[in-house]
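Below are the chains, spelled out letter by letter.
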Amino acid sequence: MKYQVNETGFYGQFGGSFIPEMLHSNIDTLQKQYLSIMAEDSFQKEFRKLLKDYVGRPSPLYYAAKLSKELNTNVYLKREDLNHTGAHKINNTIGQILLAQRLGKTRIIAETGAGQHGVATATVCALMGLECVVYMGSTDIKRQAPNVARMRMLGARVEPALSGSQTLKDATNEAIRDWINNPVDTHYIIGSVVGPHPYPDLVARFQSVISEEMKWQLKEQTGSENPDYIVACVGGGSNAAGAFYHYLEDEAVKLVLVEAAGLGIDTGESAATSVLGSMGIIHGSRTLLMQTEDGQIVEPYSISAGLDYPGIGPLHAHLIKSERAQVFSATDEEAIKAAFHLTREEGIIPALETAHAFAILDQIGAKPDESMVVCLSGRGDKDLSTYIAHLDGEIVDS
Ligand SMILES: *Cc1c(COP(=O)(O)O)cnc(C)c1O
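Predicted model, so just to flag it, every value in this text is computed and none were measured.

Asker: Help me understand the overall build of the protein in this model?
Answerer: Helices and strands together make up the secondary structure of the protein, namely 16 helices and 14 strands. Viewed in the frame of its principal axes, the protein has a C-alpha envelope of about 55 × 45 × 40 Å. The proportion of buried residues among the 398 residues of the protein is 60%. Across the protein, the fraction of contacts at a sequence separation of at least 24, relative to all contacts at a separation of at least 6, is 74%.

Structural data, given as structure tokens:
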């Protein structure tokens, strides 16, 4: 198993658990117990039932006929946008709230960028009756107002993070600080495949339901479990990890990641971690991150709050360095153009994050008899104000 985490929490040279003393006990408990708890019959029953009846799974696999014709290949969309709360994030928060309950925790904290993870966390806390605090950068609070309102309505307290670029990285710092101060009663629901071991593996396993379903859905529709390509946008990398998971060891299936180039990779206003990053430690994990020569984290930039992160999960750092996955990037403008195009062609308004994946489909070089699955990680409701600002038509190409 070349691409799974090893016993010490590493993917190749990436991963591990680099944490302050005060978190050792919590992380140690998680490391020792997560696999056995997840393997319990009662856990699996409750998890599967909630995914089905509450989240609405399985999410459809939709053959996009018009996109397929245009790209002269076969394009399938894995519709995570149709999940309850509008993105893939809920798969993970359902899993982690069940885990937190079994660990006896009564208080939940989370970080959020676009607000999708915050909403998904506030939702499961309402469902289970647990206290919920969500940290969010003040920049993101401004640009994702509908999700802030949803979290508050769900009963969560939204705490602004005021340091740095006031985005996802800063919210994560605040959440870690909270956990250090409240180690006994609190579980930290991390929203992506980042953070100290076992979080990247834990989150990947909860999200792996995406590729589990893709296998039988593809088999049903095409006669084969395997597509030629799987394409996903990458912030921390949880929707990509879920879409890749059951295909990781099968090298016939090519894995494609799409990161946010912001205003352009060389402009200094970007979040293209794999191109601009080098090995370092961020939020408890050794991975690729954007940093200066003396190790200061470089402030990332993307129009999309969910991709605006200076690091990438250690699994993906390993997939990229071992050339198992190929990376493309899309700028703000290309993503917005792709969002309008998908909307006009297929009648689906994607999240801005997801739109990055659609922006590069014509660069993959898929052949007419090949197929690709694009992970449609979320819907665009939260991004409408950004889209409306571009409705004047100058970059709309329909
Ligand atoms: C959060 C989010 C992302 C980015 O996070 P990953 O962990 O990389 O998946 C992508 N798409 C949507 C819709 C999101 O909400």
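Asker: Where do I start with a nonpolar patch on the surface in this structure?
Answerer: Together, I349, L384, I388 and L391 make up an exposed nonpolar region whose accessible area comes to about 360 Å². Within the element layout of this structure, L384 appears in helix α16 (residues 384-389).

Asker: So what exactly am I meant to see when it comes to the site of the ligand here?
Answerer: Around the ligand, the surrounding shell holds 18 residues, and the nearest of these are K89, S192, G235, G237 and S238. A distance of 3.0 Å separates an oxygen atom of the ligand from a polar atom in the side chain of H88. If the ligand stood free it would expose 390 Å²; the protein chains cover 97% of that surface. Those elements that place two or more of their residues in the shell around the ligand are α11 (238-244) and α15 (352-359). Looking at the shell around the ligand residue by residue, the classes come out as 4 nonpolar, 12 polar and 2 charged.

Asker: Would you take a moment to explain the packing of aromatic side chains for this structure?
Answerer: For any two aromatic rings, the description comes down to two numbers: the centre-to-centre distance and the angle of the planes. All chains considered together, the criterion is met by 9 aromatic pairs. Ring plane angle 75° and centroid distance 5.9 Å describe the contact between W179 and Y188, whose orientation is recorded as edge-to-face. The structure contains a cluster of three or more aromatic residues connected by ring pairs, namely F43, F47 and F206. Above the plane of the ring of Y229 lies K254, whose end atom (NZ or CZ) is 4.8 Å from the centre. The positively charged end of R324 is found above the aromatic ring belonging to Y3, 6.0 Å away from the centroid.

Asker: How should the sheet that holds strand β5 (residues 107-112) be read in this particular structure?
Answerer: Picture the strands of a sheet paired through backbone hydrogen bonds; they go either parallel or antiparallel. Taking strand neighbours across the sheet as the criterion, the 4 strands line up as β7-β6-β5-β8 in an open arrangement whose pairing is parallel. What marks the edges here is a single partner per strand, and that holds for β7 (157-161) and β8 (186-188). Taking the axes of each pair of neighbouring strands and ignoring which way they run, one obtains an average angle of 25° across the sheet. Direction of pairing for β5 relative to strand β6 (residues 131-137): parallel, over a ladder of 6 bridges.

Asker: Can you help me understand the packing of helix α4 (residues 89-102) against helix α5 (residues 116-128) in this one?
Answerer: In helix packing, the relevant descriptors are the interaxial angle and the interaxial distance, both defined with respect to the helix axes. With their axes 9 Å apart at the nearest point, α4 and α5 run at an angle of 40° to one another. Put simply, α4 runs oblique to α5. Here α4 and α5 pass one another in a crossing that is right-handed. On α5, the residues touching K89, I90, N92, T93, I94, I97, L98 and Q101 of α4 are Q116, H117, A120, T121, T123, V124, C125 and M128.

What counts, and where the lines are drawn
Sequence order as written defines residue numbering, which begins from 1 separately in each chain. Confidence filtering applies because this is a predicted model: local features only for residues at pLDDT of at least 70, side-chain atom pairs given and counted only at 80 or more, and all residues used for totals across whole chains, interfaces and linings. Water and hydrogen atoms play no part in the side-chain values, which are based on all heavy atoms of the structure. Going along the chain from the N terminus, every DSSP run of H or I of four or more residues is numbered as a helix, and every run of E of two or more is numbered as a strand. Buried means the residue's accessible area, taken with a 1.4 Å probe over protein chains only, is under 20% of the maximum for its type, while exposed means over 50%, and partly exposed covers the values in between. Residues are treated as being in contact if the distance between any of their heavy atoms lies within 4.5 Å. Like-charged residues within 9 Å of one another, or nonpolar side chains (Val, Leu, Ile, Met, Phe, Trp, Tyr) within 5 Å, are grouped into patches, provided each residue has over 30% relative accessible area and no salt bridge. Accessible surface area values rest on a Shrake-Rupley calculation with a 1.4 Å probe, where residue burial reflects the displayed protein chains alone. One speaks of a salt bridge when a side-chain nitrogen belonging to Lys or Arg is within 4 Å of a carboxyl oxygen belonging to Asp or Glu. Definition of nearness: a residue and a molecule or strand are near each other if at least one heavy atom of the residue lies within 4 Å of the molecule or strand. Here a polar contact is recorded for every N or O atom pair within 3.5 Å, except that within protein the pair must consist of a potential hydrogen donor and a potential acceptor, and residues adjacent in sequence are included only if both atoms are side-chain atoms. Any residue outside Ala, Val, Leu, Ile, Met, Phe, Trp, Tyr, Cys, Pro, Asp, Glu, Lys and Arg is labelled polar, Gly included; the first ten of those are nonpolar and the last four are charged. Two rings belonging to Phe, Tyr or Trp (six-membered ring only in the last case) form a pair when the distance between their centres is within 6.5 Å. Interplanar angles under 30 degrees mark stacking, angles over 60 mark edge-to-face geometry, and anything in between is tilted. Only when the NZ of Lys or the CZ of Arg is both within 6 Å of the ring centre and within 35 degrees of the ring normal is a charge said to sit over the ring. Strands were regarded as paired on the criterion that DSSP finds at least two bridges between them. To get an axis, a line is fitted to the C-alpha atoms, and for a helix only the part in contact is used. The angle between two axes follows their N-to-C directions and goes from 0 to 180 degrees. Should an angle fall under 35 degrees it is taken as roughly parallel, and over 145 as roughly antiparallel, whereas 65 to 115 is taken as roughly perpendicular and any remaining angle as oblique. Two helices cross in a left-handed way if the nearer one is turned anticlockwise from the farther one by less than a right angle. They cross in a right-handed way if the turn is clockwise.

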